[in-house]
Amino acid sequence: MVPGNGGRRSSLYSGHRHSSMGGPGFGVLSQNAMQAPSKDPRPVREKAFKEACMQTIIRHLNDTGYAGQATTKTLTTPTQKEFVAIFQHLYHEFDPNFQFVRKLDEDVLACIKALRYPFAESIPRSQLSAVGSPHSWPNMLAMLSWMCETLDMTAALTAPPLQNPDKTYFDHYLTRAYQLFLAGSDDFGLAERDLEAESDRQNEAMLAEIERLGDVNDRLERELQALRDSQPPLRSLEREYQVLQSDKAKFRDYIARLDAKREKLVVVNEKIREQLREAEAELDELASRKTDLQSQVDAQDISAADVEKMTSEHENLIKNLDTASQQSQDISNQLFEQERAAQAALDTLERTIGNYNALGYKIGVIPRTGPNAGGIEYEIDFVNPVEHGRTWLASRPDQLVRINLRHDVKNGLAKLREELGAQVHEHQDNQIQLGELLDQAIEALNDKKEELEGLDAKLDATIEQFDEVRVTTTAETSAANAQAETLERDLATMRISAQNGLIQLDQKLQSTSMEYEQLHHDCAAARDAMTRDVVTALNEVIQFKVHIQTSLEALSEEVDDLEKERAATGAAD
């Protein structure tokens, strides 16, 4: 399209030849396009519109044998080279003889104006220099989609109508038969045999196609049934998500417990550091005293016998010091083991308290506003004595929890047990009342059955009487017929009313029986579950409390004995 070189290539845009797009169909499109607004009213930047354009372009490129790759990824962030290849492929469908020789922006603008693209003015040259940018690509994508839609519409308008092969060959048979008829021949056997053979061939092809479609249908039905029978992937993912959420909650609880243990270890470490500083200060003091004593010894006039005596005493003191150090180490080891056992017991106590609180939530006594709490605080909150400036040995068992287990919790649970027992008795009374109602309903049902039997007897007697009257009374046929119809209507009404009453009584009996069984089952289940939970929780808490109290007292006594022994050893030294 270089000026002065129009003879080297031909284009729809050029005026030197008639393009393949010069048909009347394109003329109408062009006239309508020229009347369109210059500003594109389509939502070219919306995600749904862009996805629809991508699908249209991909389908058209795949149907028309595009040599490159036509994928969603390619049309999301295309390169300049990919855009040029797609545009040239689409425009060559409009004009196969067109040659692209100028710059990209000049060729594209000339081509879309030749196609009478309604929104060509909304595509400046700056966008064509960077077609893959987020600002330029939506307009380019809408333009390519318009070209694909135009090509599809043109192909649909210019495609020849479908022919029926059966009708085509039958017309051929009629033509041959008519030619033979005009030639004066009455023998159409050859044409009929050809028609029959062609019909058989088409029937065989149709049966083969039907069989193939049947096989495909069976395969698709099997795949559909397999998909229906298999577990939906969403359900498995939901179950996996629930497992992961549960693991997440467990890890959070474990981290919280580790944080609490870390805080406790920090406090213990601080105490050990304080003791270490005290020991270092004491060691410095002893070193100072040793220096003073050494200076005093050096200043004294000591004989050889005194030196031997002092050496002997020094050796004895060293032996005593080693013995005391060994005893101190043994005591420290014993204290460490006891502290570790106490920590294990503390962890067990925390787990037991957690189980107790969980059971309390389950039976409705926790929190204080629970349905069965009665305004009493049943939740056990473990108190760490170190956080309140006390030691484990100096803490009583009742100081480890914030509530009074003996007076408040035990009495409240006993009272709750009495209330639940009263509710159970009340449900039993209701059960007895429902049983009485059931008996009354059964008695009423029996009465209705007896009434029905009486009505059936009356019906039989009436029918017999009617037969006798019909046999003996021939002169009064009209009156007898009227009376018989009246009696039949009365009998039908009585039968319907009796059947309705029987059905209602049966329904009432069934509903009453179901309510009775449900109440009996609920009462028994509630009574057993609550009794087991309350007794188990009380026994575990009381036994564990006694165990902890006994362990702490034994530990305290052992520590007192060790301190007394240490004091006695120090006094002896």
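The shown structure was predicted, so the numbers you read here are calculated from the model rather than taken from an experiment.

Below, the discussion takes up the overall build of the protein chain. Each helix and strand counted, the protein chain has 13 helices and zero strands in total. Put simply, the protein chain runs from its N terminus to its C terminus through helices and strands in the order α-α-α-α-α-α-α-α-α-α-α-α-α. Across the 573 residues that make up the protein chain, the buried fraction comes to 23%. Across the protein chain, the fraction of contacts at a sequence separation of at least 24, relative to all contacts at a separation of at least 6, is 64%. When the accessible area of the protein chain is evaluated, it comes to approximately 40200 Å², of which 55% is carbon and sulfur surface.

Let us now look at the nonpolar core. Ranked by internal contacts, the top residues of the largest apolar core, which has 39 residues, are Ile112, Tyr117, Met143, Leu144 and Met147. Counting only elements with at least two residues in this core, the list comes to helix 2 (47–63), helix 4 (80–94), helix 5 (104–114) and helix 7 (137–158). Looking at this core, the element that brings in the most residues is helix 7, giving 10 residues. Once you skip the residues sitting within four places of it in the chain, tyrosine 117 turns out to touch Asp40, Arg42, Ile112, Ile123, Ala142, Met143 and Trp146. If you look at the next biggest cluster of nonpolar residues, it comprises seven residues, including Val409, Leu413, Leu416 and Ala537.

Here we take up a nonpolar patch on the surface. Together, Phe251, Tyr254, Ile255 and Leu258 make up a nonpolar patch on the protein surface, roughly 410 Å² of accessible area in all. With respect to the secondary-structure elements, isoleucine 255 resides in helix 10 (residues 233–299). Residue class for isoleucine 255 comes out partly exposed when judged on its relative accessible area of 46%.

This brings us to the pattern of salt bridges. Evaluation of the coordinates by the stated rule reveals eight salt bridges. In this structure, glutamate 198 engages arginine 201 in a salt bridge whose closest nitrogen and oxygen atoms are separated by 2.2 Å. Here glutamate 198 pairs with arginine 201, and both are found in helix 9 (residues 189–229), just three residues apart, close to one helical turn. We classify glutamate 198 as buried; its relative accessible area is 16%. Among the salt bridges present, the one from glutamate 223 reaches arginine 219, with a minimum N-O distance of 3.1 Å.

A word on the packing of helix 4 against helix 5. Running from N to C, helix 4 and helix 5 cross one another at 30 degrees; their axes reach a closest spacing of 12 Å. Considering the angle they form, helix 4 stands roughly parallel to helix 5. The chirality of how helix 4 crosses helix 5 is left-handed. Of the residues in helix 5, those touching helix 4 at Gln80, Phe83, Val84, Phe87 and Tyr91 are Leu104, Val108, Cys111, Ile112 and Ala114.

What follows deals with the environment of arginine 176. Turning to its location among the elements, arginine 176 is positioned in helix 8 (residues 165–182). Residues arginine 176 and glutamate 192, spaced 16 residues apart in sequence, show a C-alpha to C-alpha distance of 9.9 Å. If near-sequence neighbours (up to four positions away) are discounted, arginine 176 is found in contact with Leu190 and Asp194.

By secondary structure assignment, the location of arginine 212 is in helix 9. Here the side chain of arginine 212 touches glutamate 209 through a polar contact of 2.4 Å, side chain to side chain.

Before going further, it helps to examine a negative patch on the surface. Together, Glu436, Asp439, Glu443, Asp447, Glu450, Glu453, Asp456, Asp460, Glu464 and Glu468 give the surface a local cluster of negative charge. Structurally, glutamate 453 can be placed in helix 12 (residues 405–472). Look at glutamate 453 and you get exposed, because its relative accessible area is 55%.

Here we take up the confidence of the model for the protein chain. Overall, the prediction assigns the protein chain a mean pLDDT of 77, with 82% of residues at 70 or greater. When the elements of the protein chain are averaged for pLDDT, helix 1 (residues 24–34) gives the smallest value, 39, and helix 2 the largest, 92. For residues 1–36, every residue scores under 50 in pLDDT, and the model assigns this stretch 52 contacts once sequence neighbours within four places are set aside.

The subject of this paragraph is the side chain of serine 145. The topology assignment puts serine 145 in helix 7. By relative accessible area, which is 3% here, serine 145 ends up buried. Setting aside its immediate chain neighbours within four residues, serine 145 contacts Cys53, Thr56 and Ile57.

So, about the state of the cysteines. Counting across every chain of the model gives zero disulfides. With no disulfide of its own, cysteine 148 lies closest to cysteine 53 among cysteine sulfurs, the gap being 9.5 Å. On the accessibility criterion, cysteine 148 (0% relative accessible area) is buried.

Below, the discussion takes up the side chain of glutamine 127. By secondary structure assignment, the location of glutamine 127 is in helix 6 (residues 125–129). Among the residues examined, glutamine 127 registers a relative accessible area of 6% and is labelled buried. Residues within four places of glutamine 127 in sequence aside, it is in contact with Ser122, His135, Ser136, Asn139 and Met140.

Here is what the cut-offs are and how they apply
- Residues numbered from 1 in each chain as written.
- Predicted model: local features only at pLDDT ≥ 70, side-chain atom pairs only at ≥ 80, totals over all residues.
- Heavy atoms only, no water.
- Helix = DSSP H or I, 4+ residues; strand = E, 2+ residues; numbered from the N terminus.
- Buried < 20%, exposed > 50% of the residue type's maximum accessible area, 1.4 Å probe, protein only.
- Contact = heavy atoms within 4.5 Å.
- Areas by Shrake-Rupley, 256 points an atom, 1.4 Å probe, with all protein chains shown as cover.
- Core = buried A, V, L, I, M, F, W, Y, C linked by side-chain atoms within 4.5 Å.
- Patch = residues over 30% accessible without salt bridge, like charges linked within 9 Å, V, L, I, M, F, W, Y side chains within 5 Å.
- Salt bridge = Lys/Arg side-chain N within 4 Å of Asp/Glu carboxyl O.
- Axes fitted to C-alpha atoms, helices over the stretch in contact; angles between N-to-C directions.
- Parallel < 35°, antiparallel > 145°, perpendicular 65-115°, else oblique.
- Left-handed = near helix turned anticlockwise from the far one by under 90°.
- Polar contact = N/O pair within 3.5 Å; in protein donor to acceptor, adjacent residues only side chain to side chain.
- Lys, Arg positive; Asp, Glu negative; His and termini not counted.
- Charge placed at Lys NZ, Arg CZ, Asp CG, Glu CD.
- pLDDT = per-residue confidence, 0-100.
- Disulfide = S-S within 2.5 Å.

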